[in-house]
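Each chain, written out:
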Number of protein chains: 2
Amino acid sequence: MSAADISATPEWIAADWGTTHLRLWAMRGQNVLSKRSCDQGMGRLSPAQFGPVLEAEIAQWGADWAGIPVVACGMVGSRQGWSEAPYHPTPTDPRAHLIRVPDHAPRPVYIACGIRQDDPPDVMRGEETQIAGLLAQTPDFDGVVCLPGTHTKWVRLRAGRIERFQSCMTGELFELISQQSVLRHTLDLQGSDLSAFDAACAEALGDPARAYGGLFALRAAALLNGLDPISAASRLSGLLIGWELAATRDLWSGQTAALIGTAKLAALYARALGANGVQTQDYPAEPTTLAGLHAAWKTIGACP
Amino acid sequence: MSAADISATPEWIAADWGTTHLRLWAMRGQNVLSKRSCDQGMGRLSPAQFGPVLEAEIAQWGADWAGIPVVACGMVGSRQGWSEAPYHPTPTDPRAHLIRVPDHAPRPVYIACGIRQDDPPDVMRGEETQIAGLLAQTPDFDGVVCLPGTHTKWVRLRAGRIERFQSCMTGELFELISQQSVLRHTLDLQGSDLSAFDAACAEALGDPARAYGGLFALRAAALLNGLDPISAASRLSGLLIGWELAATRDLWSGQTAALIGTAKLAALYARALGANGVQTQDYPAEPTTLAGLHAAWKTIGACP
């Protein structure tokens, strides 16, 4: 960020406001002038605190940006957030839905609505904006979008609409199992063994029932055979992602896949999908989120 | 426990010394004179502390019981425990293996050896003593033994020998998911909805791959449909036990099953197995452990 960037006045402010963090970008059109973040996530704020936190954070930029609109996505729009942005039902265009926060004097604030699926029940909040960002770059995308993370989403996207989707708790399970279960003694997360990952992923996808027993087997293999802790961690990752692929096969089989996420995790999913004949294209998380928020900003005139 | 019981001198002392607790029973033959327990588990003790902890706990009984032997099972015999009681390989008779702790002056202390399976790798430590207790009561048992718990074991037992076994982390996963994942907001563990349990168990056993997506669906159903938290907790239990049954089907299918565990958990497994045509017989945990330790005590003369 240069001094020249700070001196420019933004046209709008992008906000990704999740459970643990608030990330802000000062924007002119699609260009980032400056960015900042803090740990004032939804999880630690009462509804009345969101407005003051937002203004205090913007004030840190040291400029008079009163009246400049904010477009936000994420858990800030949940029932426990600032102002509920209700879930829109599938099938739906992920780009179309914003609410305006009532009674915030300093500036207009808009929040993207989450998306819900009624049968089987599923929800997303934040990912719809990343999918909108993908559509801003690839309007005719037809295939599956995978957004790996704490609660990975698999989304069937066609003709600009989300038809259906499936969430899997893979990221959260990996974290709980690797950090708090008996396997924590057995795993080293500071490395990777891709052939162990590949083998475990193929095993779990081929026989997901049996893979359930493969979890404790990591501990036993460490005790009996000295299984390398890096290989064990990669095996755990492969088992869980293979399971997830088995659970979502009807969404990705025979499709083109887009991956929206951090580079390291996206690379594992690309590898697992590639081994099953699915070509993937990467959409890095931050620019894709910004593209989605930009598309939302462009619709503000239509927002009630 | 009556005063008369205390005044009797035990012939031996039974000990179940696990990761979190030490449980002691003063015994005459198979009869319990008195029992006590404390939270001095293996997890908080260094090797040099086990001896003093044992003597201090026995001294609490207030009698001069020097020289009376102790027979122990559980993690006290692990590599991180008091004195390693090495794993015996399958197939094996679970009753035959004890080590004596070296250099403990006040009394002889014996520890039951765990059991290992090399392919696929698996281990047990403590459960072998409960299986020995089952064999003390039912010497000709032929079938599968299920020991539900943190790491549930499924054990094929025939002609007095463990042929093979499979561990599943169901108890630990249920605890981590229900207490620490996003689902913790969705679950109430203080009740049960058996029809929700049955349905989820059948779903997971019928299609274990799809069940993986059923975890986050509990959260979504709570948000969208107000899924009852007691029903949600029973569904989670059913999904995990159904998965476990899918993973262990070759062990229990068409067999007689014995359940060794606490009443509440054993009842869920009995229900799940019964729905699949498997009759079960209950062996309550504590008397079965004591029967196994008693059988071990009877072999002490043969211990090196």
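So, here is what we can say about the structure in this document. Keep in mind that what you see is a predicted model, and the values were worked out from it rather than measured.

Of regular secondary structure, chain A possesses 11 helices and 14 strands. Against the 2.2 N^0.38 benchmark of 19 Å for 304 residues, chain A shows a C-alpha radius of gyration of 21 Å, consistent with a compact globule. Here the C-alpha coordinates of chain A stretch approximately 65 × 40 × 35 Å along the principal axes. Put simply, 65% of the contacts in chain A that link residues at least 6 apart link residues at least 24 apart. In the structure as shown, chain A presents an accessible area of about 12200 Å², 49% of it carried by carbon and sulfur atoms. Charge centroids of chain A, computed over 24 positive and 30 negative side chains, lie 1 Å from each other.

The next subject is the packing of aromatic side chains. This structure, assessed with the given rule, holds 17 aromatic pairs over all chains. With 6.2 Å between their ring centres and 10° between their planes, Phe50(A) and Trp82(A) make a pair best called stacked. Of this pair, Phe50(A) sits in helix H2 (residues 50–59) while Trp82(A) sits in the loop between strand S4 (70–73) and strand S5 (88–89), placing them 32 residues apart in sequence. Each member of the pair, Phe50(A) as well as Trp82(A), is classed as buried. Members of the aromatic cluster, each reached through a chain of ring pairs, are Tyr212(A), Trp243(A), Tyr212(B) and Trp243(B). For Arg125(A), the ring lying beneath its charged end belongs to Tyr87(A), and the centroid distance is 4.5 Å. Between Arg36(B) and the ring centre of Trp61(B), over which it is positioned, the NZ or CZ distance is 5.6 Å.

Residues and elements named next belong to chain A. In this structure, histidine 104 sits in the loop between strand S6 (98–100) and strand S7 (109–112). Of note is the side chain of histidine 104, whose polar atom sits 2.8 Å from the side chain of glutamate 55. With residues near it in sequence (within four places) discarded, histidine 104 still touches Gly51, Leu54, Glu55, Trp82 and Val109.

This part is about the interface of chain B and chain A. Every contact between the two is made by 42 residues of chain B and, on the other side, 42 residues of chain A. Contact with chain A buries area across many residues of chain B, yet Met169(B), Tyr212(B) and Phe216(B) alone supply 21% of it, more than any other trio. Here chain B and chain A share 2 salt bridges between them. When the shortest N-O distance is used, the salt bridge between Arg210(B) and Asp250(A) registers 3.8 Å. Inspection of the region where chain B meets chain A yields 6 residue pairs in polar contact (both at pLDDT 80 or more). Those elements giving two or more residues to the side of chain B that touches chain A turn out to be strand S8 (115–118), strand S9 (121–124), strand S12 (161–168), helix H4 (170–180), helix H6 (208–211), helix H7 (214–225) and helix H8 (229–247) of chain B. A total of 8 residues in the side of chain B that touches chain A trace back to one element, the largest contributor, which is H7(B). Looking at the side of chain B that touches chain A residue by residue, the classes come out as 24 nonpolar, 9 polar and 9 charged.

All names here are of chain B. Tracing the backbone through its elements, the reader meets serine 195 in helix H5 (residues 194–206). Distance from serine 195 to serine 231, taken between C-alpha atoms, is 8.5 Å for residues 36 residues apart in sequence. Polar contacts involving the side chain of serine 195 include one to the side chain of aspartate 193, which spans 3.0 Å.

In this structure, Pro91(A) follows Thr90(A) across a cis peptide bond, with omega equal to -10°. In the segment running from Asp119(B) into Pro120(B), the intervening peptide bond is cis, with an omega of -5°. Positive phi, normally seen in glycine, also occurs at Asp103(A), with a value near 60°. Positionally, Asp103(A) belongs in the loop between S6 and S7. What makes Asp103(A) exposed here is its relative accessible area of 81%. Non-glycine residue Ala159(A) carries a positive phi angle of around 50°.

Once that is clear, we can look at the packing of H5(B) against helix H10 (residues 263–274) of chain B. Residue and element names in this part refer to chain B. Following both chains from N to C, one finds H5 and H10 inclined at 55°, their axes separated by 10 Å at the closest point. The orientation of H5 relative to H10 falls into the category oblique. When the axes of H5 and H10 are compared, the crossing they make is right-handed. Counted together, Leu194, Phe197, Asp198 and Cys201 of H5 and Leu268, Arg271 and Ala272 of H10 form the full contact between these two elements.

Once that is clear, we can look at the relation of the copies chain B and chain A. Superposition of chain B onto chain A requires a rotation of 180° combined with a translation of 0.1 Å along the rotation axis, giving an RMSD of 0.1 Å. In short, the pair behaves as if placed about a two-fold rotation axis. Most of the interface of chain B is mirrored in chain A: 100% of its interface residues are interface residues there too.

Now for the side chain of Thr152(B). Residue and element names in this part refer to chain B. Checked against the element boundaries, threonine 152 lands in strand S11 (residues 152–158). Polar contacts involving the side chain of threonine 152 include one to the side chain of tyrosine 269, which spans 3.4 Å. Not counting residues within four places of it along the chain, the set of residues in contact with threonine 152 comprises Cys146, Leu147, Gln166, Ser167, Cys168, Thr170, Glu244 and Tyr269.

The next thing to look at is the pairing of strand S12 (residues 161–168) of chain A. Residues and elements named next belong to chain A. Two elements, strand S11 (residues 152–158) and S12, share 7 bridges in a ladder whose sense is antiparallel. Following the sheet pairing, arginine 158 is matched in S12 by arginine 161. Taken together, S11 and the strand that follows it, S12, pair antiparallel across an intervening segment of 2 residues, in which alanine 159 is found at a positive phi of about 50°.

A few words on the sheet that holds strand S13 (residues 257–261) of chain B. Residue and element names in this part refer to chain B. If you trace the 5 strands from one edge of the open sheet to the other, you get S12-S11-S10-S13-S14, paired in mixed fashion. At either margin of the open sheet sits one strand with a lone partner, and together these are S12 and strand S14 (280–284). The average undirected angle you get between the axes of adjacent strands in this sheet is 20°. Of the strand pairs in this sheet, S13 and S14 are connected by 5 bridges, and their pairing is parallel.

Let us now look at the pairing of S4(A). Residues and elements named next belong to chain A. Of the two faces of S4, the one holding Val70 and Ala72 and the one holding Val71 and Cys73 are both buried throughout. Pairing of S4 with S7, which is carried by 3 bridges, proceeds in the parallel orientation. From the neighbouring strand, valine 70 faces S7, where its bridge partner is valine 109.

Neighbouring strands of a sheet are bound in pairs by backbone hydrogen bonds; such pairs are parallel or else antiparallel. The strand order across the open sheet built from 3 strands is S5-S8-S9 (chain B), with neighbouring strands paired in mixed fashion. One side of each edge strand has no neighbouring strand; the edge strands of this open sheet are strand S5 (88–89) and S9 of chain B. Along the sheet, helix H7 (residues 214–225) of chain A makes contact with S8 and S9 of chain B, crossing S9(B) at roughly 85°.

This paragraph deals with the packing of helix H4 (residues 170–180) of chain A against H4(B). How two helices sit against one another is set out by the angle between their axes and by the gap between those axes. Between H4(A) and H4(B), the shortest axis-to-axis distance is 11 Å and the interhelical angle comes to 115°. Regarding H4(A) and H4(B), the two cross each other, and that crossing is right-handed. Every residue of H4(B) that contacts H4(A) at Glu172(A), Leu173(A), Leu176(A), Ile177(A) and Gln180(A) is listed here: Glu172(B), Leu173(B), Leu176(B), Ile177(B) and Gln180(B). For the contact of H4(A) with H4(B), the residue count by class is 6 nonpolar, 2 polar and 2 charged.

Definitions and cut-offs
- Residues numbered from 1 in each chain as written.
- Chains lettered and ligands numbered in written order.
- Predicted model: local features only at pLDDT ≥ 70, side-chain atom pairs only at ≥ 80, totals over all residues.
- Heavy atoms only, no water.
- Helix = DSSP H or I, 4+ residues; strand = E, 2+ residues; numbered from the N terminus.
- Rg over C-alpha atoms; globule rule 2.2 N^0.38 Å.
- Contact = heavy atoms within 4.5 Å.
- Areas by Shrake-Rupley, 256 points an atom, 1.4 Å probe, with all protein chains shown as cover.
- Lys, Arg positive; Asp, Glu negative; His and termini not counted.
- Charge placed at Lys NZ, Arg CZ, Asp CG, Glu CD.
- Phe/Tyr/Trp six-rings, centres within 6.5 Å; stacked < 30°, edge-to-face > 60°.
- Buried < 20%, exposed > 50% of the residue type's maximum accessible area, 1.4 Å probe, protein only.
- Lys NZ or Arg CZ within 6 Å of the ring centre and 35° of its normal.
- Polar contact = N/O pair within 3.5 Å; in protein donor to acceptor, adjacent residues only side chain to side chain.
- Buried area = accessible area lost by both parts, 1.4 Å probe.
- Salt bridge = Lys/Arg side-chain N within 4 Å of Asp/Glu carboxyl O.
- Nonpolar A, V, L, I, M, F, W, Y, C, P; charged D, E, K, R; others polar.
- Axes fitted to C-alpha atoms, helices over the stretch in contact; angles between N-to-C directions.
- Parallel < 35°, antiparallel > 145°, perpendicular 65-115°, else oblique.
- Left-handed = near helix turned anticlockwise from the far one by under 90°.
- Least-squares fit on C-alpha atoms with pLDDT ≥ 70 in both.
- Pairing = 2+ DSSP bridges.

In short, geometric facts, not functional conclusions.
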